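Structural characterization, general
In case you want the letters, here they are:
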Amino acid sequence: MPAQPPKSQQPKRQKVFSKRSRTGCRTCRVRHVKCDETQPACRNCTTNGWKCEGYESNRLPREPKQHLQTAAPVATGFRWAMTTDEKRCVSFFLCRTVPGLTSYYDSSLWQKLVLQMCSTEPAVYHAVVALSAVNQDLERNGIPMPGTNTGSSWQRFALEQSIRSFGLLNRRHILQDPQLRQVLLVSCLLFVMLELALGHFDDATMHLQSGLAILKEMKIQRLTFGTASAMVEDSLLDAFLNLESQSAHHGVSVPRLGLDIQLLHSHYERYLHEFKTVQDVQHAFNPITNTTLPFLERCWSRPEDEIMAEYDMLHAQQQRLLSCLHQFNGYFTQFCETRYTRLDLKQQRGLDMIKCMYLTMAVAIKTCLYTRGCPEPASFMAEYKEMWSEAQSVIAKFEDRPLMTIETTICPTLFVVAARCPDYSIRLQALDALRSWPHCEGYLNSTLIADLVLEGIKGELKQLWRNSQANPRYLPPGLMFVENNGQQVVVHVGASKNAAGQMLSLEPNKKLADSLASIDTAQNWPCVRASGILMNRTLDSELYV
């Protein structure tokens, strides 16, 4: 017999390769068996007595190998098997979404409650997968403007997962499940976050209304300051209260709980005490924030004659809020002086955010009743500069900036500086800061806010240009207007003899107007009305109208 060649020279056996189907039914994919894809139920399932869970028309794009090697393993304890796409989303939720949502403060809502329910409640599980898919889409493609439809596979996959969650919730509702309310509340919250991240404000409001209606039906009350009834976890209630206060600036009519509005009529003082933890600071500060935002909306959205007609009542509420802020600041300052240096970086950033919001609300409350006939005194300029300086310091401390949160943090500060500061140069810098960190704080979309405020600034500058034609002395220092071909006017902000300043065209943003037109409630937003962008949408865009 001839000698066998060495193994190194023997031809290698070729493995038989069969391309896995990516369109099989969910049951077969979970069981890792080949599906024959028979409609409406495959033969594998019907022959083996399995329940065929149908076909998913959308799959996620294949993950690069380097991403697969660094992905976090999915936690055990789930009561059902998962597809590979769902595992990817759960893994991303654990290692990216939850850390992003808790960038400022630790939260039992995201670090405990949602994670527990995700592994035991299928409806919450599919809502988590949907939110994670959207979060991954945002990291790849950025936060979309309202009215845009990217049609990405991530968004299509998220839609399918949302539909699964809705179907499971409807089934639970029919069965009169005693745990249904808690499941509904968590699912509503996840859907609100998902829709806001996509710029679907009307859909987000629908889910928020459902969640608030459930809480109102449950007659939730705060038993002590910062503590809710045992029927719902404190962190879950706080999340809905934060969203409720933010929605006031977005033309939303919801069945308000009014738990924090009671601050105006109750004794806030008896709830103040020496703060020992950052959580103590949050519990004392959140009700002030959630009461102040709707109050500012009422003041900023009303005509001057209505402000004057209700001035006594509004002034009394204004003074009450300032009193609460002043008392809070005493305990807050004491806490920072004694404990700030002993806290970790995350806790320090959280306190910095609270200081930013404190400065913002103090200035906004003090100035909210000033009208065009009685403008803000120049003495407030120092407070605007302090706000801007504090905001810059906070932003500089964030290396990995979150894309979406529920807490109201840096956006209100940058908005107030950009919309109301007397110095136009600082206002444009604040707009740049909003755009440099595209993210969503609940209802507050930083890019959308920047675009809206810029339209308001353009309106102010147009009026200054018209006034300066009659009286050149009327033009404030640092502004220089230049005509371009007799049709457009360009303004140089921060201009001087030695500097050209930042150039700004006063042409309206038509894309923004089209984007806002896709939102049913946009015309009721105070910042949209102030910008005038929807009122002028069908008018001639030339400056000399």
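Residues numbered from 1 in each chain as written. Predicted model: local features only at pLDDT ≥ 70, side-chain atom pairs only at ≥ 80, totals over all residues. Heavy atoms only, no water.

Some details on the nonpolar core
Inclusion rule: Take the buried residues of types Ala, Val, Leu, Ile, Met, Phe, Trp, Tyr and Cys, join any two whose side-chain atoms come within 4.5 Å, and each joined set is a nonpolar core. Only protein chains enter the area calculation, which uses a 1.4 Å probe; residues under 20% of their type maximum are buried, those over 50% are exposed, and those in between are partly exposed. Whether two residues are in contact is decided by their heavy atoms: any pair within 4.5 Å suffices.
Counting residues in each nonpolar core, the largest one holds 79 residues, and the members touching the most others are F328, I410, L431, L461 and F481. Setting aside residues no more than four positions away along its own chain, F328 makes contact with Y268, L272, F275, V281, A284, F285, I288 and I354. In this structure, L60, V129, F157 and A197 belong to the second largest nonpolar core, which totals 76 residues.

With respect to the packing of aromatic side chains
Put simply, the test is: To pair, rings of Phe, Tyr and Trp, with the six-membered ring standing in for Trp, must have centres within 6.5 Å; the planes then decide the type, stacked if under 30 degrees apart, edge-to-face if over 60, and tilted in the middle. Numbering goes from the N terminus for both helices and strands, where a helix is a DSSP run of H or I of at least four residues and a strand is a run of E of at least two. In this scheme, the term charge over a ring applies when either NZ of a lysine or CZ of an arginine sits within 6 Å of the ring centre and within 35 degrees of the ring normal.
Under the counting rule described, the total for this entry stands at 14 aromatic pairs. Ring geometry for Y104 against F398: centres 5.4 Å apart, planes inclined by 75°, an arrangement best described as edge-to-face. Residue Y104 is located in the loop between helix 4 (84-101) and helix 5 (108-120), and its partner F398 is located in the loop between helix 15 (381-396) and strand 3 (404-405); the two are separated by 294 residues in the primary sequence. Take F398: its relative accessible area is 4%, and that puts it in the buried class. Relative to F481, the ring of W465 has its centre 5.4 Å away and its plane inclined at 45°; by these criteria the two rings are tilted. Here W465 is found in helix 18 (residues 446-470), whereas its partner F481 is found in strand 6 (residues 479-484), with 16 residues between them in sequence. Residue placement shows R349 over the ring face of F398; its charged tip is 4.3 Å from the ring centre.

Brief notes about the sheet that holds strand 5 (residues 444-445)
Picture the strands of a sheet paired through backbone hydrogen bonds; they go either parallel or antiparallel. What counts, and what does not: For two strands to be treated as a pair, DSSP must find at least two bridges joining them.
Strand order in the open sheet formed by 3 strands is 3-4-5, with mixed pairing between adjacent strands. Whereas interior strands pair on both sides, the edge strands pair on one side only; in this sheet they are strand 3 and strand 5.

As for the pattern of salt bridges
Formally: For this document, the term salt bridge refers to a Lys or Arg side-chain nitrogen within 4 Å of an Asp or Glu carboxyl oxygen.
Counted under the stated rule, the structure contains 12 salt bridges. In this structure, R96 and D400 form a salt bridge, with 3.3 Å as the shortest nitrogen-oxygen distance. In this pair, R96 is assigned in helix 4 and D400 in the loop between helix 15 and strand 3, connecting sequence segments 304 residues apart. You can call R96 partly exposed: its relative accessible area is 33%. Assessed through its relative accessible area of 53%, D400 is described here as exposed. Ionic pairing is found between D106 and K346, a salt bridge with its closest N-O pair at 2.7 Å. You can see D106 sitting in the loop between helix 4 and helix 5 and its partner K346 sitting in helix 14 (residues 345-367), a full 240 residues away along the chain.

Focus on the packing of helix 14 against helix 15
Stated formally: Between N-to-C directions, angles cover 0 to 180 degrees, with each direction set by a line fitted to C-alpha atoms, over the stretch in contact for helices. Roughly parallel covers angles under 35 degrees, roughly antiparallel covers those over 145, roughly perpendicular covers 65 to 115, and oblique covers all other angles. Left-handed describes a crossing whose near helix is turned anticlockwise from the far helix by less than a right angle; the clockwise case is right-handed.
As a packed pair, helix 14 and helix 15 sit with axes 10 Å apart at the nearest point and diverge in direction by 155°. Judged on the interaxial angle alone, helix 15 and helix 14 are roughly antiparallel. Helix-helix and strand crossings are classified by hand; for helix 14 and helix 15 the assignment is left-handed. Note on element contacts: helix 15 touches helix 14 through E383, Y384, E386, M387, E390, A391 and V394, opposite D352, M353, K355, C356, L359, T360, V363, K366 and T367.

What to know about the sheet that holds strand 6
Ordered by their spatial adjacency, 3 strands build an open sheet running 6-7-8, and the pairing between neighbours is antiparallel. A strand with exactly one partner marks an edge of an open sheet, and here the two such strands are strand 6 and strand 8 (502-505). For this sheet, the mean angle separating the axes of adjacent strands, direction not counted, is 25°. Judged from the 6 bridges that link them, strand 6 and strand 7 (residues 488-493) form a sheet pairing that is antiparallel. Across the sheet, the residue bridging to E483 is V489, located in strand 7.

Describing the pairing of strand 7
Burial of strand 7 is extensive: 5 of the 6 residues sit out of reach of the surface. Sheet analysis places strand 7 next to strand 8, joined by 4 bridges and oriented antiparallel. Paired with V490 across the strands is S505, a residue of strand 8.

Focus on helix 16 (residues 410-420)
Buried residues dominate helix 16, accounting for 9 of its 11 residues. All buried positions along helix 16 are accounted for by I410, C411, P412, T413, L414, F415, V416, V417 and A418.

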